[in-house]
Each structure stands twice: as structure tokens, then as C-alpha cells.
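An overview of the molecular structure
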Amino acid sequence: MKIAIYGRQFNNTVLPHVQQIFNILADNDIEVYVHDKYNQFITGKIHSAQKLHLYQNYQDLISSKVDVMISLGGDGTLLDTVTLIRDSNIPVIGINFGRLGFLASINKDEIASAIKSLINKEFTLDKRVQLCIESELNLFGNENFALNDVTIHKRDTSAMMIVHAYLNGDFLNSYWADGLIVATPTGSTAYSLSCGGPIVFPRSGNMVVTPISPHNLNVRPIVLSDTNVLSFEIEGRSSKYLLTCDSRTEVIDTSIKVSVRKADFGINLIRLNNENYLSTLRNKLLWGIDTRNY
């Protein structure tokens, strides 16, 4: 089995857990591929009993025929990992060194059992849809897809912006707000949720449009079929605005028209056999727990 590892810089409290991962992989004779920048960071901090292979990008992962990707960090790290995987269908699992972790759902105390399940192929694939940004400027290049959300946001502390939204070419609404979020079901528990959007279950075939601090209180999030195409025109006192694709951001002129649709490919999240979406929701949102006792 070939396993690739991607991560970000971390503090020393995480070192024992990262070392544990490399120890387990070496003990099981797994071929390990490490992102070159991450390898530079862990050199001198982490010891590996076997030779590590390095990779830099999507093409390296394809040519190496990697079986599984492990993301070390939080949800933001896993979103970075998705840009490396692209349309390769390489399944990914996230080990959570962060806080909430809806995507990176494996806790530090579950590392040994999780990797054992990976090696024994005791898991299922949870296929998630992504969104695609289209524009005349070819924004974000080959990384114009988002697992969580596409967001239009005002650039600074200036007055609110007006986002004119169209559904399959028909006028939908003009949002007087600080911005607008278009989220996948996966992203419904991210930025959209914090702005009052609903939780949408994976594979529901929907996307959520959530305004950010709307001026009109009668404007609410809406849920649409992901077979639709949304397009946007921006108006405001500022000539620039921010367009984000997950954690990637571009500064765009208001003259640029942008459309958002379901991407042609998704991503495969690994779910261990003792794990499902409901258990993740309950654990992360503390459902069913009387928090008054804590």
C-alpha cells in the first residue's frame, strides 16, 4: 500500500502524534510519500525508520499511484489536500490536530486504530460533491473548485455590497449584504452555518445560498438543487471585492461576472466502519448532551 501525507506546520505538542503515525506506517512496511514542504518542516523533528518518498503536486501523486492520502491538521489542512488530489479519486482521511474538525474527523487518541483500519481496508468511501467557479478570467486556474463553499465578500470596511444573483439566467434576488456564500452540503456546517444557514446532509443533491449580514431581515438562506447554475453581478461603492474558493482568495473587479455550478468531479472522504455522518454531527455539535452539567 502507498500512503501520501500532507500537513501544515505545527507546534511541539503535536510531535508525539505525528511520530506515532510514522512509526505505525513503518512497522507495517507502508510506502510513505510526504509533501516536500512538509518534509522540510519535520526534518530533525520526526524520525522515520524507512526511506520517505517526496511529492510536490497532483502529477506526482498520479504517477506514484498513491492509494490513500492522510491529512494531518484541521479542516483547513484537509481543504488544502483536496487541491492536490483534484480529480484523481484518491481517497483522503483527516487526522484532527485542530479544534472542531467536521472533515478531519479522526481524533488524536484514535490514530492507531484508524491507521490499522486503513491498512486492513476496513472503511467505506463517502463521496462529496464540489462546486466549480467559471469566469472569463479563468479564476483560480486548475484549482477553481471548492469542497466547502464559494464566497463573495466585500473587501474592506466600506459600505455593504449588492450581489445580483441569477438562477439559470433568470433573476433570483439582489442581496444587500456584506457578501454571499454558496455552499455544498459538506460546507453547510462551515461558514454558511455560522451565518444562519441550514445543515444539509451529504448526497442530498443541494447547494445552499446564504447571505452574510443581509440588510433586509426578510432575506434568508435558500436551498437549491445542485443541477442549477448560479451567476452573479456585483455592485457597490468599492470597485473591488473578494472571491474565495474554500481557503483560496482572489481580488476581483466588479465588472467581472462569475458563475457557480456543481463540479464535474467530487472527492472521496474515508469513513471508518465505526463512523458515520450522524455520529460526527452529534460529537462536534454536542447534540444529546446537557451542556449545563459542564
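Summarised in this report is the structure supplied together with it. (Residues numbered from 1 in each chain as written. Predicted model: local features only at pLDDT ≥ 70, side-chain atom pairs only at ≥ 80, totals over all residues. Heavy atoms only, no water.)

To continue, consider the sheet that holds strand 12 (residues 179-183). Taken together, the six strands give an open sheet; going across it, the order is 14-13-12-9-16-17, and neighbouring strands pair in antiparallel fashion. Every interior strand has two partners, whereas the edge strands, strand 14 (222-225) and strand 17 (248-253), have only one. On average, adjacent strands in this sheet sit at an angle of 20 degrees to one another, irrespective of strand direction. Two elements, strand 12 and strand 13 (residues 206-212), share five bridges in a ladder whose sense is antiparallel. If you follow G179 over to strand 13, its bridge partner there is I212. (Pairing = 2+ DSSP bridges. Helix = DSSP H or I, 4+ residues; strand = E, 2+ residues; numbered from the N terminus. Axes fitted to C-alpha atoms, helices over the stretch in contact; angles between N-to-C directions.)

Turning to its location among the elements, S105 is positioned in the loop between strand 5 (92-96) and helix 5 (111-119). Look at S105 and you get buried, because its relative accessible area is 10%. Once you skip the residues sitting within four places of it in the chain, S105 turns out to touch G94, E110, R271 and E275. (Buried < 20%, exposed > 50% of the residue type's maximum accessible area, 1.4 Å probe, protein only. Contact = heavy atoms within 4.5 Å.)

With that settled, the discussion passes to the pattern of salt bridges. By the definition in use, this model includes ten salt bridges. D80 is the partner of R8 in a salt bridge, and the nearest nitrogen-oxygen pair spans 2.8 Å. Placement of the pair is R8 in the loop between strand 1 (2-7) and helix 1 (15-27) and D80 in helix 4 (residues 75-85), with a sequence separation of 72 residues. With relative accessibility at 18%, the residue D80 sits in the buried group. Salt-bridge contacts for R261 lead to E134; the nearest nitrogen and oxygen are separated by 2.8 Å. A residue pair is termed long-range when its members are at least 10 positions apart, and R261 in strand 18 (residues 258-262) and E134 in strand 7 (residues 131-135) qualify at 127 residues. Salt bridges sharing common partners tie together D126, R128, R203 and R271. (Salt bridge = Lys/Arg side-chain N within 4 Å of Asp/Glu carboxyl O.)

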